[in-house]
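Observations on the model geometry
Residue strings, one per chain:
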Amino acid sequence: MRRREFITLLGGAAVAWPLTARGQQPAAPVVGLLRNTPSASFEHIVAALRRGLTEAGFVDGRNVAIEQR
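Numbering of residues starts from 1 in each chain and follows the order in which that chain's sequence is written. Where local features are concerned, this predicted model is filtered to residues with pLDDT of at least 70; where side-chain atom pairs are given and counted, the filter is 80 or more; whole-chain, interface and lining totals use all residues. Hydrogens and water molecules were not included; the side-chain quantities draw on all heavy atoms of the structure.

**Here we look at the overall build of the protein chain**
Here a strand is any run of E in DSSP of at least two residues, a helix any run of H or I of at least four, and the numbering for each starts at the N terminus. Within the protein chain, the secondary structure is distributed over 2 helices and 2 strands. When the helices and strands of the protein chain are listed from N to C terminus, the series reads α-β-α-β. Across the 69 residues that make up the protein chain, the buried fraction comes to 9%. Note on definitions: a residue-residue contact is assigned when non-hydrogen atoms from the two residues lie within 4.5 Å. For the protein chain, the share of sequence-separated contacts (at least 6 apart) that also reach a separation of at least 24 residues comes to 58%. Roughly 6,100 Å² of accessible area belongs to the protein chain as shown, and the carbon and sulfur atoms make up 61% of that amount. Residue burial is assigned from relative accessible area. The probe radius is 1.4 Å, only protein chains are included, and a residue is buried under 20% of its type maximum, exposed over 50%, and partly exposed in between. Only the protein chains shown count as cover for residues, and the accessible areas themselves come from Shrake-Rupley with a 1.4 Å probe.

This is the structure in structure tokens:
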């Protein structure tokens, strides 16, 4: 009976170990754009910002969030 308990414990630890090893994911940085103009006249600036972030290694939705207000 002791051997079965040990094998059960060992199996449970093997299953739970990857879940605890992962831990908390770091939060992605957020870039905020504040404007008081219509979005049509502001689109070239947003496109340039996205190009610059992509060149720096940031991809919107993957490792950075862009919010417009």
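**Side note on the pattern of salt bridges**
Within this document, salt bridges are pairs made up of a side-chain nitrogen of Lys or Arg and a carboxyl oxygen of Asp or Glu, the two lying within 4 Å of each other. Under the definition given, this model contains 2 salt bridges. One salt bridge connects Arg-50 with Asp-60, and the closest N-O pair in it is separated by 2.6 Å. On the criterion of sequence distance, the pair formed by Arg-50 in helix H2 (residues 39–55) and Asp-60 in the loop between H2 and strand S2 (65–68) is long-range, its members being 10 residues apart. By relative accessible area, which is 32% here, Arg-50 ends up partly exposed. Since its relative accessible area comes to 38%, Asp-60 is described here as partly exposed. A salt bridge links Glu-67 to Arg-69; the nearest nitrogen and oxygen atoms lie 2.9 Å apart. According to the relative accessible area criterion, Arg-69 is exposed, its value standing at 60%.

**Let's talk about the nonpolar core**
We call a set of buried residues a nonpolar core when its members are Ala, Val, Leu, Ile, Met, Phe, Trp, Tyr or Cys and they connect through side-chain atoms within 4.5 Å of each other. Counting residues in hydrophobic clusters, the biggest one holds 5 residues: Leu-33, Phe-42, Val-46, Leu-53 and Ile-66. In this structure, Ile-66 is in contact with Val-31, Leu-33, Arg-50, Leu-53 and Asp-60, ignoring residues within four places of it in sequence.

**Remarks on the confidence of the model for the protein chain**
pLDDT measures the predictor's confidence residue by residue and takes values from 0 up to 100. When pLDDT is averaged along the protein chain, the result is 77; 71% of the residues meet or exceed 70. The least confident element of the protein chain, judged by mean pLDDT, is helix H1 (residues 2–22) at 63; the most confident is strand S1 (residues 30–33) at 87.

**Points about the environment of Ile-66**
Within the secondary structure, Ile-66 sits in strand S2. Relative accessible area serves as the criterion here: at 15%, Ile-66 is assigned to the buried category. Remark: the alpha-carbon pair of Ile-66 and Pro-29, spanning 37 residues in sequence, is separated by 8.8 Å.

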